[in-house]
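Residue-level structural notes
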Amino acid sequence: MSKNNNNNKLLEELKLQRDSALKGGGDKRIESQKKKGKLTARERLSLFFDNSEFEELDTFVQHQSKDLGLDKKVFDGDSVVIAYGLVNGRPTFSYAQDFTVLGGSLSLVAGKKIAKVMDLASKNGAPIIGFNDSGGARIQEGVDSLAGYGEVFVRNTLYSGVIPQISIIVGPSAGGAVYSPAITDFIFMVKEVGQMYITGPDVVKSVTGEEISHEDLGGSIAHATKSGVAHFVFDDEAQCINAVKKLLDFIPQNNIENSLVKDYQEIDSPIEKLRSIVPEKSTEPYNVLDVINNIVDSEDFFEIHSNFAQNIVVGFGRIRGKSIGIVANQPAHMAGMLDINASDKAARFVRFCDAYNIPIITLVDVPGFMPGVNQEHQGIIRHGAKLIYAYAEATVPKISVILRKAYGGAYIVMNAKELRSDLNLAWPTAEIAVMGPEGAVNVISRKEISESDDPESTREKLISEYKEKFSTPYIAASRGYIDDVIDPGDTRKKIANALDIFTKKHSENPPKKHGNIPL
Ligand code: HXC
């Protein structure tokens, strides 16, 4: 046989082998995947990478297990596809579990494949994005499959704060399988398609007697609104993948790079709308998103966790083309009070921004921590402490603007000067005090009120005296706790000018192995 003929034959065989491998668990199972309204692993990767182009690795890997009939269920590539390519023109690594192969269950080799692509992502300083669609540990492999999870978990942990890690839940994610996504930075779920739980409805029923559907127990709505496990929910996979790409565009490739700087259109200052957002009456609500949208470039604010702990808003935007993280109390929900969930949500976001060199802008309008037996007994002390810790520890540029209320512990928590904030501004509507006027007068003047001839008018008088003292930002400004009191219309300009100057900010924490954040 001539050399050319031989080469052609080898190439033909390679094509046959690859075509067969690319079918995963085969046509029937692909059909069943489609019937469930799901894309296949490779279709997901095609939607994700620029021009649907990606390089796949380990296409021919097979499991080596023989027990419980596994010797007859061998598929090239096993239950996960690993790949790299460009996303938004930047190197990106990914894995997509293949449900058509034994329900995407994680074997030892599948775990090793995921570990391989994570190692490559880390070595190349690029994000890792995982599509999760799996029945959990491969039952027939026993402890080997558990070791596969171990390989993944340890990398999720070691690469946390080194490269961004994002999980997309597009199928079941059951048992220990939930814990890899849980360690990653952001979890995206697709409605009616992704479910996460440590035990499914059957086990729940047998242990607690509760009857619940898969979706109600671990679907996207439950996790986006109640548990806070999911940061984003989308109606379909294409929308979800687009949102992941949008998020990637706001953040850097790794912890030693900065985010991309985008084109922007300068906004003429002052921005009139900002002057009339805060209502005259200090107890009236308003939507802090109206403030945020008037500060960021092109009103383009990418909110995170929008359905969870809505009393605080977190997300990414840009000012003069540079990415910023925004944390803002939301007076339109529970008066913007800080509770357990809001503290957790904001603390985790502050830490992400700090790990990835993204300046943090804090917009403050907070009447305090939420009082109540439930909050106390669920541990608001422990959870609120996380937010103080996160802000105090963060070394990225930190800027706050007090829009209205900044009362008590919540004033300090929301990036007060002493937590090493770089610039603390206030609007003329700012009120900075240990507590609100009614509460304060009740504590410090109870005796005076009860002993007076006309308790009601005495109370009114004392409250108005208190308000006069604390309903302006000038006392805090006179002591240097507030660096400047500004025209609300100039807020964007003041923040933008500061960010332009603070780009080389250098700040370090004392040397240590790691701190002990109250978890
Ligand atoms: C091996 C599995 C599997 C698993 C599913 N399959 N899960 N094979 N190990 N864990 C196989 C099925 O046998 C079936 O193979 C194929 O995948 C498709 O599964 P179906 O059940 O037909 O699909 P569906 O009806 O969509 O249900 C999906 C499912 C269900 C809800 C995920 O399969 C299920 O409940 N699986 C078990 C979930 C679970 O309890 N996993 C273990 C968790 S413990 P055939 O050949 O029949 O098509 C765990 C510990 C990890 O993960 C700890 C790490 C620290």
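Everything below is about the structure shown above.
What comes next is a walk through the structure.

What counts, and at which threshold
Residues numbered from 1 in each chain as written. Predicted model: local features only at pLDDT ≥ 70, side-chain atom pairs only at ≥ 80, totals over all residues. Heavy atoms only, no water. Core = buried A, V, L, I, M, F, W, Y, C linked by side-chain atoms within 4.5 Å. Buried < 20%, exposed > 50% of the residue type's maximum accessible area, 1.4 Å probe, protein only. Helix = DSSP H or I, 4+ residues; strand = E, 2+ residues; numbered from the N terminus. Near = heavy atom within 4 Å. Polar contact = N/O pair within 3.5 Å; in protein donor to acceptor, adjacent residues only side chain to side chain. Areas by Shrake-Rupley, 256 points an atom, 1.4 Å probe, with all protein chains shown as cover. Nonpolar A, V, L, I, M, F, W, Y, C, P; charged D, E, K, R; others polar. Contact = heavy atoms within 4.5 Å. Axes fitted to C-alpha atoms, helices over the stretch in contact; angles between N-to-C directions. Parallel < 35°, antiparallel > 145°, perpendicular 65-115°, else oblique. Left-handed = near helix turned anticlockwise from the far one by under 90°.

1. Details of the nonpolar core
Counting 67 residues, the largest nonpolar core has F188, F316 and V327 as its most contacted members. Core analysis: the second largest hydrophobic core is formed by 29 residues, V291, I324, V401 and L403 among them.

2. Remarks on unusual backbone geometry
Among all residues save glycine, negative phi is the norm, and among peptide bonds the norm is trans. For the bond running from S269 to P270, omega is -5°, close enough to zero to count as cis. The backbone of E299 shows a phi angle near 50°, a positive value even though the residue is not glycine. Judged by relative accessible area, which is 48%, E299 ranks as partly exposed. Phi is positive for N415, close to 65°, though the residue is something other than glycine. Tracing the chain through its elements places N415 in the loop between α15 (408-413) and β14 (423-426).

3. A word on the site of the ligand
The ligand sits among 20 residues. The nearest are R29, K36, G103, G135 and A137. Here R29 contributes a side-chain N or O atom positioned 2.9 Å from an oxygen atom of the ligand. Within the contact set of the ligand, a nitrogen atom lies 2.6 Å away from a backbone nitrogen or oxygen of G135. Starting from 1,000 Å² of accessible surface for the ligand in isolation, the protein chains cover 56%. For the shell around the ligand, the elements supplying multiple residues, two or more each, are α5 (143-158) and β5 (165-174). Per element, the largest residue contribution to the shell around the ligand is three residues, and it comes from α5. Classifying every residue of the shell around the ligand by side-chain character gives nine nonpolar, seven polar and four charged.

4. What to know about the side chain of N156
With respect to the helices and strands, N156 occurs in helix α5. Taking the relative accessible area as the measure of exposure, N156 reaches 2% and is therefore buried. At 2.7 Å, the side chain of N156 and the side chain of S180 are in polar contact. Look past the residues within four positions of N156 in its chain and what remains in contact with it is M118, Q165, S180, I183 and T184.

5. Remarks on the packing of helix α12 (residues 340-355) against helix α14 (residues 380-393)
At a minimum axis distance of 8 Å, the contact between α12 and α14 shows a crossing angle of 20°. With respect to α14, the element α12 is oriented roughly parallel. Considering how the two elements wind past one another, α12 and α14 form a crossing that is left-handed. Where α12 approaches α14, its residues I340, S343, D344, A346, A347, V350, R351 and D354 are matched on the opposing element by I380, H383, G384, K386, L387, Y389, A390, Y391 and E393. A per-class count over the contact of α12 with α14 returns nine nonpolar, three polar and five charged.

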